[in-house]
Amino acid sequence: MYLADTIVAPATAPGIGAVAIVRLSGPRAFEILDAIFRPVGRAAVPAIAELTPRMMRLGDVVDPVSGARIDRALAVVMPHPASLTGEDVAEIQCHGGPFIVRRIVALASDAGARIAEPGEFTRRAFLNGRMDLAEAEAVADIVAARSDSALANALAQLSGALSARVAELRAQVVAIRAHLEVEIDFSDEDIRLPSRREVAAEIERLIAGVAVLHDSFARGILMRDGVRATIVGKPNAGKSSLLNLLLGADRAIVTPVAGTTRDVIEDSVQLGPYSLVLNDTAGVRESADAVERIGIERTIRSARDADLLIAMFDSSRPLEAADEDVIRLTDNRPGLAILNKRDLPAAISAAELRERGLCLPILPFSAINLDESATLRGELSKVIGALIDPSARSSDDQIAISRERHRDALATALAALKNARASALSLMPPEIVAVDIMAAAAALGAITGEVSGEDVLDAIFRDFCIGK
């Protein structure tokens, strides 16, 4: 529920820093700022009288009860409706010590502000029409972005690209509904109306557009959360050395002893605009060791759940049953095969791996040669790009959703549209077709917040950080 009170919270992350921001929003924001902030040289004059909207002013944060100075800071006011939240907003930029921030928040609270809930500033921006729901969710995605691709996708959504596409699709749904409503209301009039088959054809085109957006979730989630890659291979094939090489750190233990890695080791690395989440795993082989068998089971699960596989083969040792198991893991999976240890005399070749059924691109490699790191990164970037790079797609296809809520709403719209098409082709009365058309419009409207219940808003904004 939207309470028209004044809220306060730090807008910067907790911890020690050069600068921190304390944000106020609500009808008493300026009044509370007046109580705790004094512009330099005008201690007796209310702060609001000395502050030009959207211009910083140097001053002191003071305790209005004792008159003690808390900090030398900057303050800015942003009157409604042209503010982040659509309300009066005031911000204090203070020194970034946690104690100072807590003191300023406490002073504002004592002066009448309420501590903000997670996401409450952004929620007020949505409720006051400053952004729609899809744009509000993009704010959280920008904060959580871990790569250039994730940031670019979130910024596109914040700028309204997703909302515009959804609005376009919804307008087409509404147009179909209008045709049906005319037929319902004026069936006795001499008016040229689309036939059922014409309506079905319109719905078919709409289904195609909604499906493109729905199917973009696979790309969007990879951009947002990163591409998960599992390194698989038999023991001592060089998996841990490869992980350390990509990370530029000794993240995994490397020894000549087979079976050193017993559990899945996870870390992430940036490859160009992409985030790659790497999983180093136990070597694939038959083992009598109970602990190692558990590790191998986790390897299989990690490989099954990965977005792509990095298959390691030791070129200095003949192919074994374990190598055959690795090849089977790569069946119909995207990824890259690495023929490692090419600095040693070769016992197998890429041709032999092909003969055994390996279909992945093969890179001859030496994990101990730092100079080959750039080549490896380039090859992995190509594999990742083939999964998520939309550059070769149409402009509409470049929009990618990255939230389950959007995917579920689009799935609901698709199901309703398919039902409506079936009803139209079956020459059902317009009232029957219109029921599913209305359901599709409601599902699309839920993405941007045109149709959203309080429980939906609670679920969305509770995952935001305090101060956003």
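The structure presented is a predicted model; accordingly, all values stated were derived computationally and were not measured. (Residues numbered from 1 in each chain as written. Predicted model: local features only at pLDDT ≥ 70, side-chain atom pairs only at ≥ 80, totals over all residues. Heavy atoms only, no water.)

Taken together, the side chains of Val40, Met56, Leu58 and Leu74 make up a nonpolar region of the molecular surface, amounting to roughly 290 Å² of accessible area. Along the chain, the position of Leu58 falls in strand β4 (residues 57-62). Of the residues examined, Leu58 reaches a relative accessible area of 38% and is grouped as partly exposed. (Patch = residues over 30% accessible without salt bridge, like charges linked within 9 Å, V, L, I, M, F, W, Y side chains within 5 Å. Areas by Shrake-Rupley, 256 points an atom, 1.4 Å probe, with all protein chains shown as cover. Salt bridge = Lys/Arg side-chain N within 4 Å of Asp/Glu carboxyl O. Helix = DSSP H or I, 4+ residues; strand = E, 2+ residues; numbered from the N terminus. Buried < 20%, exposed > 50% of the residue type's maximum accessible area, 1.4 Å probe, protein only.)

On to the side chain of Lys239, then. Inspection of the secondary structure puts Lys239 in helix α10 (residues 239-247). A polar side-chain atom of Lys239 sits 3.4 Å from the main-chain carbonyl oxygen of Gly233. At 3.0 Å, the side chain of Lys239 and the backbone oxygen of Lys234 are in polar contact. (Polar contact = N/O pair within 3.5 Å; in protein donor to acceptor, adjacent residues only side chain to side chain.)

Along its 13 residues, helix α3 (residues 98-110) runs 18 Å from first to last C-alpha, staying within 8% of the 18 Å computed at 1.5 Å per residue. By the burial criterion, the buried members of α3 are Ile100, Val101, Ile104, Val105, Leu107 and Ala108. The buried residues of α3 all sit within an arc of 155 degrees when viewed along its axis, so they share a single face. Seen from the buried face of α3, the exposed residues on the opposite side, beyond 90 degrees, are Phe99, Arg102 and Asp110. (Expected span 1.5 Å × (residues − 1). Arc of directions from axis to C-beta.)

Bringing unusual backbone geometry into the picture now. A cis amide bond links His80 with the next residue in sequence, Pro81, at an omega value of 0 degrees. Along the chain, the position of Pro81 falls in the loop between β5 (69-78) and β6 (89-96). Phi at Leu427 is positive, roughly 60 degrees, even though this residue is not glycine. Looking at the element boundaries, Leu427 is found in the loop between α15 (404-425) and α16 (430-448). The exposed category is assigned to Leu427, whose relative accessible area is 57%.

Right, let's talk about the confidence of the model for the chain for a bit. In the predicted model, the chain carries a mean pLDDT of 84, and 85% of its residues have values of at least 70. Low pLDDT, under 50, characterises residues 257-263; the predicted model gives this stretch 23 contacts beyond four residues in sequence or across chains. Note on residues 392-396: pLDDT is under 50 here. Beyond four places in sequence and across chains, it has 3 contacts. (pLDDT = per-residue confidence, 0-100. Contact = heavy atoms within 4.5 Å.)

Now for empty space enclosed by the protein. Taken as a whole and judged by the stated rule, the model has 1 cavity of 30 Å³ or more. The space that makes up the largest cavity amounts to roughly 40 Å³. Every residue along the wall of the largest cavity is listed here: Asp141, Ala150, Asn153, Ala154, Gly220, Met223, Arg224 and Ser402. (1 Å grid on protein atoms, 1.4 Å probe; cavity = no way out; pocket = protein on both sides within 12 Å on 5 of 7 lines; lining within 4 Å. Points joined across faces, edges and corners; volume = space filled by probe spheres on them.)

Before going further, it helps to spend a moment on the packing of helix α8 (residues 196-215) against α15. How two helices sit against one another is set out by the angle between their axes and by the gap between those axes. Put simply, α8 and α15 touch, their axes get as near as 9 Å, and they point 160 degrees apart. Considering their axes alone, α8 and α15 lie roughly antiparallel with respect to each other. Regarding α8 and α15, the two cross each other, and that crossing is left-handed. For the pair α8 and α15, contact is made by Arg196, Arg197, Val199, Ala200, Ile203, Glu204, Leu206, Ile207, Val210, Ala211, Leu213 and His214 and by Arg407, Leu410, Ala411, Ala413, Leu414, Leu417, Lys418, Ala420, Arg421, Ala424 and Leu425, respectively. A breakdown of the residues in the contact of α8 with α15 according to their chemical character gives 16 nonpolar, 1 polar and 6 charged. (Axes fitted to C-alpha atoms, helices over the stretch in contact; angles between N-to-C directions. Parallel < 35°, antiparallel > 145°, perpendicular 65-115°, else oblique. Left-handed = near helix turned anticlockwise from the far one by under 90°. Nonpolar A, V, L, I, M, F, W, Y, C, P; charged D, E, K, R; others polar.)

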